[in-house]
Amino acid sequence: MTRTRRSLTRKRPSGRKALLATLMLLVAVASAFPLAWMVLSSLKTPAETMQVPPVWIPHTPTLEAYEKVAGVVNVGRSMWNSLVIASVTTAGILVTSMMAGYAFAKYSFRGRSLLFSLLIATMFLPPIVTLIPLYRMVGSIGLNASLAGIIVPNLANAFGIFLMRQFIAGVPDDLIDAARMDGASELLILFKIVAPSVAPAIAALALFAFVYHWNSYLWPLTVLQGNADAYPIVISLSRLLSYNRGAVNTGLVMAGATLAVLPPLILFVFLQRFFVDSIVGSAIKG
């Protein structure tokens, strides 16, 4: 009886692990299914997209839908515009967030807590509330209908400052004091000592910022005022909505969506290790 009980207690954890692994697999499949369906549909022929029951895997994969997208939308120009907007904005957010986060974490000055609380409060403002004030500010400095008008108001981010402040606070003060005694400037300490120590957080913030501004729609549409040459890919692909009424054009719409999602997906593949490390690190600190 004792041996039987021991064997049962040994089998229970393995059974729980198997159940947990099965649940994780189901969640992963459910999450990846829309992406896989989109890519596969973009490779189908018009006849396969209309077939009932649906064809899961195209029998004769074709890039015809991507060629049609290139005829409807200036893909190269739009992708370049999106790349400029997302890359420059992300770089600006990283620099300002690290500098402000370093100041909030390691400097003691009057009103620091109040100022940080006000900064956190801005995170709860819906973007639509600040749309009109930002639009008027951009117009007053002559940046309407330009990529600069999209980028400049987003070069600082409250969430980025908060994230950097939380991670930088964990960097030992003795390490920073030793660098100051050696004559290092504050910028050198920030970018040569502090930044490598919080690399996972920087990678996570870069991923969040790039994906958000790559997919941004309302703000670029408001600023550009019909300047189609400066449209990012997300706005340019809205022209494909008129093709979505017929099932025969499903592949065309899916091809455009696939093109739009590829750059953020590639970036995530490169930064996923740092992204996971940042989540694990924040959980341990919590």
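Check the entry above for the structure.
The shown structure was predicted, so the numbers you read here are calculated from the model rather than taken from an experiment. (Residues numbered from 1 in each chain as written. Predicted model: local features only at pLDDT ≥ 70, side-chain atom pairs only at ≥ 80, totals over all residues. Heavy atoms only, no water.)

**Overview of the pattern of salt bridges**
- Applying the stated criterion across every chain yields a total of four salt bridges.
- Arg 180 is the partner of Asp 177 in a salt bridge, and the nearest nitrogen-oxygen pair spans 3.6 Å. Within this pair, Asp 177 and its partner Arg 180 are both found in helix α9 (residues 173-181), separated by three residues, close to a single helical turn.
- For Asp 177, a relative accessible area of 35% corresponds to the partly exposed category.
- The exposure class of Arg 180 is partly exposed, given its relative accessible area of 31%.
- If you follow the salt bridges from partner to partner, you end up with Asp 177, Arg 180 and Glu 186 in one network. (Salt bridge = Lys/Arg side-chain N within 4 Å of Asp/Glu carboxyl O. Helix = DSSP H or I, 4+ residues; strand = E, 2+ residues; numbered from the N terminus. Buried < 20%, exposed > 50% of the residue type's maximum accessible area, 1.4 Å probe, protein only.)

**Some points on the side chain of Thr 89**
- One can find Thr 89 in helix α4 (residues 75-106).
- For Thr 89, a relative accessible area of 0% translates into the label buried.
- Within polar-contact distance, the side chain of Thr 89 engages the backbone oxygen of Ile 85 at 2.6 Å.
- Setting aside residues no more than four positions away along its own chain, Thr 89 makes contact with Val 84, Ile 151, Asn 154, Leu 155 and His 213. (Polar contact = N/O pair within 3.5 Å; in protein donor to acceptor, adjacent residues only side chain to side chain. Contact = heavy atoms within 4.5 Å.)

**Considerations on the environment of Arg 165**
- In this fold, Arg 165 is placed in helix α8 (residues 158-168).
- In this structure Arg 165 comes out as partly exposed when scored by relative accessible area, which is 25%.
- Apart from residues lying up to four places away in sequence, Arg 165 is in contact with Gly 101, Phe 104, Ala 105 and Phe 116.

**Notes on unusual backbone geometry**
- Of note, the phi angle at Ala 145 is positive, near 55°, even though the residue is not glycine.
- Looking at where Ala 145 falls in the secondary structure, it is placed in the loop between α6 (127-140) and α7 (147-151).

**Digging into a nonpolar patch on the surface**
- Taken together, the side chains of Leu 35, Val 39, Leu 262, Leu 265, Ile 266, Phe 268, Val 269 and Phe 270 define a hydrophobic patch exposed on the protein surface, amounting to about 660 Å² of accessible area.
- Where the nonpolar patch is concerned, the elements lending two or more residues are α1 (2-42) and α14 (250-285).
- Among the structural elements, Leu 265 can be located in helix α14. (Patch = residues over 30% accessible without salt bridge, like charges linked within 9 Å, V, L, I, M, F, W, Y side chains within 5 Å. Areas by Shrake-Rupley, 256 points an atom, 1.4 Å probe, with all protein chains shown as cover.)

**Notes on the packing of α8 against helix α11 (residues 199-214)**
- Closest axis-to-axis distance for the α8/α11 pair is 10 Å, and the angle between their directions is 170°. With respect to α11, the element α8 is oriented roughly antiparallel. Residue-level inspection shows Phe 159, Gly 160, Leu 163, Met 164 and Phe 167 of α8 in contact with α11, the latter providing Ala 201, Ile 202, Leu 205 and Phe 208.
- Residue classes in the contact of α8 with α11 are distributed as eight nonpolar, one polar and no charged. (Axes fitted to C-alpha atoms, helices over the stretch in contact; angles between N-to-C directions. Parallel < 35°, antiparallel > 145°, perpendicular 65-115°, else oblique. Nonpolar A, V, L, I, M, F, W, Y, C, P; charged D, E, K, R; others polar.)

**Regarding the environment of Leu 63**
- Positionally, Leu 63 belongs in the loop between α2 (46-49) and α3 (64-72).
- In the structure, Leu 63 is positioned 18 residues away from Thr 45 in sequence and 9.0 Å away in space, judged by C-alpha atoms.

**Things to note about the packing of aromatic side chains**
- Under the counting rule described, the total for this entry stands at nine aromatic pairs.
- On the basis of an interplanar angle of 25° and a centroid distance of 6.3 Å, the ring pair of Phe 33 and Trp 37 is categorised as stacked. One end of the pair is Phe 33 and the other is Trp 37, both in helix α1 and four residues apart, which spans about a single turn.
- Among the aromatic residues, those joined into a cluster by ring pairs are Phe 104, Phe 109, Phe 116 and Phe 162.
- Just above the ring of Trp 37 sits the side chain of Lys 44; from NZ or CZ to the centre is 3.9 Å.
- In this structure, Arg 165 is placed above the aromatic ring of Phe 116, and the distance from its NZ or CZ to the ring centre is 4.9 Å. (Phe/Tyr/Trp six-rings, centres within 6.5 Å; stacked < 30°, edge-to-face > 60°. Lys NZ or Arg CZ within 6 Å of the ring centre and 35° of its normal.)

**Topic: the nonpolar core**
- Counting 22 residues, the largest nonpolar core has Tyr 102, Met 164, Ile 168, Val 194 and Ile 202 as its most contacted members.
- Ignoring sequence-local partners within four residues, the contact set of Val 194 consists of Tyr 102, Ile 168, Val 171, Ile 176 and Ile 189.
- If you look at the next biggest cluster of nonpolar residues, it comprises 15 residues, including Tyr 66, Ile 233, Leu 240 and Ala 260. (Core = buried A, V, L, I, M, F, W, Y, C linked by side-chain atoms within 4.5 Å.)

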